[in-house]
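One-letter residues, chain by chain:
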Amino acid sequence: LACSHHQCAFPLNQNELCIWNTVTAQPLRLSGHHYSISALSFGSKINPLLVCSASCERVVVWNLDECTQKVQEGLTPRGIVIGTLLGMVLHVRFSPDDQQVAVCAGNRIYMLSAKSEAILAELDGHLAPVTAAEFCTWEKSMLISVSEDRTFKARKLCLSLFFFFLKVWDYSTSQLIYQSGVLTAFPLLSLLIDEENKQIITGCAEGQLWIFSLISDHNYRCVAHINLKKEQEKFCNKVRKSGKGIGQNTSKLCKTNNMRPEGSVETSLPILLIEHCDFLVCFHNEENISSALNTSYFWIGSSTGLLIINLANFELEASLAYKDYSDLSIRFAGSCALTRKAVNGKVLCLITSMFEDMTAVLEVNLAALVRTQQSDFLLCGNENSLSVIARVVMQCNTSYFFPFLNNHFFRVVELNYFAIGVKSTVKDQPLVFHNKIKSSGYTAAPQMTMFSPNNNLKKNEVSKWKTSCKCKSKEYPLESSPPIKQEKEISVTCKPTPICCIQYSGDGDMLACGLADKTVLIFNSNLTDTYKVFSGPDGAVNSVGWSHDKKWLVSASEDRTLRVWSVCNNEPALILGKEKFHKTVRFAQFYFIDAFILLCCGAEFHLLSFHLDTTKDDLKRYKQRSVCKLVQKFPMASTMEITSLSAVNDFYSYIVLTAGSNRTLEVFDLNAGCSTAVIPEVHTRSVHQICQNKGSSFSTQQPEAYNLFMTTAAGDGIKLWDLRTLR
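Residues numbered from 1 in each chain as written. Predicted model: local features only at pLDDT ≥ 70, side-chain atom pairs only at ≥ 80, totals over all residues. Heavy atoms only, no water.

Q: Could you give an account of the overall build of the protein chain, with specific residues and numbers?
A: On a plain count of helices and strands, the protein chain comes out with six helices and 50 strands. By residue count, 46% of the 727 residues in the protein chain fall in the buried class. Of the contacts made within the protein chain by residues no fewer than 6 positions apart, 48% connect residues no fewer than 24 positions apart. On the protein chain, roughly 38700 Å² of surface is accessible, and the fraction owed to carbon and sulfur atoms is 51%. (Helix = DSSP H or I, 4+ residues; strand = E, 2+ residues; numbered from the N terminus. Buried < 20%, exposed > 50% of the residue type's maximum accessible area, 1.4 Å probe, protein only. Contact = heavy atoms within 4.5 Å. Areas by Shrake-Rupley, 256 points an atom, 1.4 Å probe, with all protein chains shown as cover.)

Structure, rendered in structure tokens:
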């Protein structure tokens, strides 16, 4: 089958070619083959529009303009025979300039002239029938092909093995450039070249997609491997939760393996076709969608339906199942073809039945298909979406922000929501006995002088203060390239010791390192000197975190203890022992501009309030005066352990992100005191780090930029997410 703009090409009566015009609804019947037509392809150019048809005895190129004119004149149209007796042809493809035709016959590829019967090149090397071939548009004389190598060996206690390869050819010299290894145990059926990203996409008979990079420095590395069955189940679960419908019968498409009715069978998902998707037609009348459309989309045609995949996140955007439409008599397709460009917002799809002699033409309204399934996910910035920066600006106490703090004994009185982190506290005062006994100092905050200028600075102190202010207010040059050169390397210990965690302070002046030898080191930013060395934990240090004012450092270690260190003192200001935690504390940080401490322990994270006091009593010098209290525990659903946690401390934010060992990402809103969103199967493995955009002292950003965060997992790359759409 083949489609191009308003034209559809398909075999009629096996050996007759039918060109059906969807505008005029008039068929053009072309005769020239004696055997069944096995491959079809339209030319790359519109004027003139060429069609190549192939059978086992000949390959013919037809000029549709000339054929239409001859039919109108009452003459029999004839095509140009460019090849004869090449064997069973499974695939034909025109070159970008329509001057050559690649014919995949058996395990060979013949390069034929599109104007005369001439074999320009013969490419062999495949050990089985070649199923698809594509020309590379930006590399001249480059051809990519996929094949299956099915070698049957009859041996006792041995299984037959099938090997499937991808080859890259230079057909001008018939030279093999690259041959991939074994990709799968199933035949590779389809192939597409993504010109924008310089990648190739290939699919097999079991619903697996592979994406390879064609950039010269990448050495044909595999960019992604996608299991369409799993992606389809995830998409159906997402649509079901959102309450959106799919087609006329939503229950059929969204049946997963666990919900399949009794007596039904599981169908495979062979990838028959991969084609470009004109996704821009869905948003031609909308605004603020440039960020969502800065990617490529592709159609995936299978035996059971059509899928649209997003090449940026490898997720499904829409799904159409043939069996969900009662007007369509074809339930399982043996072949399919799609138009590359949408006409009037609609895409033509041509399918043939796998078991019957039947062909159907579908007119798919792409915008309607996407809107009915994905409208909740494509809209950005709606009032129901999450945001790292809270939308309410007001002055109130902390118990309003966090409802679960009503009975809490640590209070932040008159908290200015967008202040710079200055807290007004109440000092202890002696009891005063009059007519009534009152505990003075706990009813209202005394008036405080927030800023009092110090005019007694010496001359050298003033110059130092000016110099430091100039350094801190310096803007980062946005036009400069990212740092790629190693400036300095130091050894932190005399013997090999793993560095478990590192973190810069917010101003970039100091770097904290947690080591496996139970110590915490603080370096200056240029790594020229060790500023401080903290020791005391009885296990490897898992996490270090700076306070907003850069005066405190919180660390968590394998011995199930948490320590808060003063940068000016070698002794910890606060120690939480093993009796507080039932499991190892994997991560700890300051939160809400140093008002709280967040830490994850097992499958839950704790919100702690604290008060730090570094003064010592001479009689009780070993008793710490700092206190800490558990505010609330937040469990993460259906996981054994929280593997990563992230929250913003540089400004006020309610959002806390957690990742679990079950490969899910959960979003908590501490203003509501509960979980607000769960994203399943974020990576193929457990997320080991969440990186939020927490702002910078050296550059200004738009408020929307703070809703971006990244996740990473071992062997699964890095993903960039938007909190507003949870994608």
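Now that the structure is up, let's keep going.
Q: Please give an account of a nonpolar patch on the surface that cites residues and values.
A: A cluster of nonpolar side chains, contributed by Leu-708, Met-710, Ile-718 and Leu-720, occupies part of the molecular surface with about 380 Å² of accessible area. Tracing the backbone through its elements, the reader meets Met-710 in strand β49 (residues 708-713). According to the relative accessible area criterion, Met-710 is partly exposed, its value standing at 36%. (Patch = residues over 30% accessible without salt bridge, like charges linked within 9 Å, V, L, I, M, F, W, Y side chains within 5 Å. Salt bridge = Lys/Arg side-chain N within 4 Å of Asp/Glu carboxyl O.)

Q: So, the side chain of Ser-646: which residues are in play, and what are the values?
A: Assignment of secondary structure puts Ser-646 in strand β44 (residues 642-647). Here Ser-646 falls in the buried class, since its relative accessible area comes to 1%. In this structure the side chain of Ser-646 is engaged in a polar contact, spanning 2.7 Å, whose partner is the side chain of Gln-692. (Polar contact = N/O pair within 3.5 Å; in protein donor to acceptor, adjacent residues only side chain to side chain.)

Q: Please provide a residue-by-residue account of the pattern of salt bridges, values included.
A: Summed over the entire model, instances satisfying the criterion amount to 16 salt bridges. The closest approach of N and O atoms between Arg-727 and Glu-317, which form a salt bridge, is 3.0 Å. One end of the pair, Arg-727, is in the segment after β50 (718-722); the other, Glu-317, is in strand β24 (residues 315-321), and 410 residues separate them in sequence. Among the charged side chains, a network of salt bridges with common partners joins Glu-315, Glu-317 and Arg-727.

Q: Account for helix α1 (residues 64-72), naming residues and giving values.
A: The N-capping residue of α1, defined by a side-chain oxygen 3.2 Å from the backbone nitrogen of Asp-65, is Asn-63. Gly-74 occupies a position one or two residues after α1 and carries a positive phi of about 85°.

Q: Now, about empty space enclosed by the protein: what can you tell me, with residues and values included?
A: Taken as a whole, this structure holds one cavity of 30 Å³ or more when the rule is applied. In terms of lining, the largest cavity is formed by 13 residues, of which the most central are Pro-572, Ala-573, Asp-613, Thr-614 and Lys-616. Per-class residue counts for the lining of the largest cavity are two nonpolar, six polar and five charged. (1 Å grid on protein atoms, 1.4 Å probe; cavity = no way out; pocket = protein on both sides within 12 Å on 5 of 7 lines; lining within 4 Å. Points joined across faces, edges and corners; volume = space filled by probe spheres on them. Nonpolar A, V, L, I, M, F, W, Y, C, P; charged D, E, K, R; others polar.)

Q: Residues and numbers for the pairing of β24, please.
A: Burial runs high along β24: seven of the seven residues are buried. Where strand β23 (residues 305-310) lies against β24, six bridges are found, and the strand directions are antiparallel. Bridge pairing links Ile-308 to Ala-318 in β24. Between β23 and β24, which pair antiparallel in sequence order, lie four residues; one of them, Phe-314, sits at a positive phi of approximately 60°. (Pairing = 2+ DSSP bridges.)

Q: Run through the sheet that holds β49, naming residues and quoting values.
A: The strand order across the open sheet formed by three strands is β48-β49-β50, and the pairing between neighbours is antiparallel. Strands at the two margins of the open sheet, each flanked by one partner only, are β48 (687-692) and β50. Ignoring strand direction, the axes of neighbouring strands in this sheet form an average angle of 25°. Where β49 lies against β50, five bridges are found, and the strand directions are antiparallel. Counted as the bridge partner of Thr-711 is Lys-719 from β50. (Axes fitted to C-alpha atoms, helices over the stretch in contact; angles between N-to-C directions.)

Q: Describe the sheet that holds strand β32 (residues 499-504), with residues and values.
A: Spatially, β32-β33-β34-β35 is the arrangement adopted by the four strands of the open sheet, whose pairing is antiparallel. In this open sheet, the two strands that pair with only one neighbour each are β32 and β35 (530-535). Taking the axes of each pair of neighbouring strands and ignoring which way they run, one obtains an average angle of 15° across the sheet.

Q: How would you explain unusual backbone geometry if you had to name every residue and give the values?
A: In most cases, non-glycine residues show a negative phi, while peptide bonds are predominantly trans. Cis peptide bonds are those with omega within 30 degrees of zero, and the linkage from Asn-47 to Pro-48 qualifies with -5°. Take Pro-48: it is sitting in the loop between β5 (39-42) and β6 (50-54). At Ala-25, a position not held by glycine, the phi torsion is positive, near 55°. Here Ala-25 shows up in the loop between β3 (16-21) and β4 (27-31). The phi torsion at Phe-314 lies on the positive side, around 60°, for a residue other than glycine. Take Phe-314: it is sitting in the loop between β23 and β24.

Q: How would you summarise the packing of aromatic side chains if you had to cite specific residues and measurements?
A: A full pass over the atoms with the stated rule returns twelve aromatic pairs. Between Phe-534 and Trp-565, the aromatic rings sit 4.7 Å apart at their centres with planes inclined by 10°, giving stacked as the arrangement. Of this pair, Phe-534 sits in strand β35 while Trp-565 sits in strand β38 (residues 562-566), and the two are 31 residues apart along the sequence. Both residues of the pair, Phe-534 and Trp-565, belong to the buried class. (Phe/Tyr/Trp six-rings, centres within 6.5 Å; stacked < 30°, edge-to-face > 60°.)

Q: How would you sum up the environment of Asp-324? Please name residues and give values.
A: Assignment of secondary structure puts Asp-324 in the loop between β24 and β25 (333-338). As for Asp-324 and Gly-305, which are separated by 19 residues in sequence, their C-alpha atoms are 9.4 Å apart.

Q: I'd like a rundown of the nonpolar core, residues and numbers included.
A: Membership of the largest hydrophobic core comes to 26 residues, with the highest contact counts inside it found for Trp-299, Ile-308, Tyr-322 and Ile-351. Of all the secondary structure elements, the ones that give two or more residues to this core are β22 (297-302), β23, β24, β25, β26 (346-353), β27 (359-365) and α4 (366-378). Apart from the residues within four sequence positions on either side, Tyr-322 is in contact with Ser-302, Ser-303, Thr-304, Gly-305, Leu-306, Leu-328, Ile-330, Arg-331, Ala-333, Ile-351 and Leu-362. The next biggest cluster of nonpolar side chains, apart from the first, holds 21 residues, and it includes Ile-593, Leu-607, Phe-634 and Ile-642. (Core = buried A, V, L, I, M, F, W, Y, C linked by side-chain atoms within 4.5 Å.)

Q: Describe the environment of Asn-313, naming the residues involved and giving the relevant values.
A: Counting through the fold element by element, Asn-313 comes out in the loop between β23 and β24. Under the relative-accessibility criterion, Asn-313 is labelled partly exposed at 22%. Placed 408 residues apart in sequence, Asn-313 and Trp-721 show a C-alpha to C-alpha distance of 9.3 Å. A polar atom in the side chain of Asn-313 sits 3.1 Å from the backbone nitrogen of Glu-315.

Q: Let's hear about the environment of Lys-583: which residues, and what values?
A: The topology assignment puts Lys-583 in the loop between β39 (572-576) and β40 (585-591). As for Lys-583 and Glu-558, which are separated by 25 residues in sequence, their C-alpha atoms are 9.0 Å apart. Here Lys-583 is in contact with Arg-560, Cys-601, Gly-602 and Met-640, once residues within four sequence places are set aside.

Q: Mind laying out the side chain of Glu-16, listing which residues take part and the relevant values?
A: In this structure, Glu-16 sits in strand β3. Polar side-chain contacts of Glu-16 include one of 3.0 Å to the side chain of Arg-29. Excluding anything up to four places from it in sequence, Glu-16 contacts Phe-10, Pro-11, Arg-29, Leu-30, Ser-31 and Ile-37.

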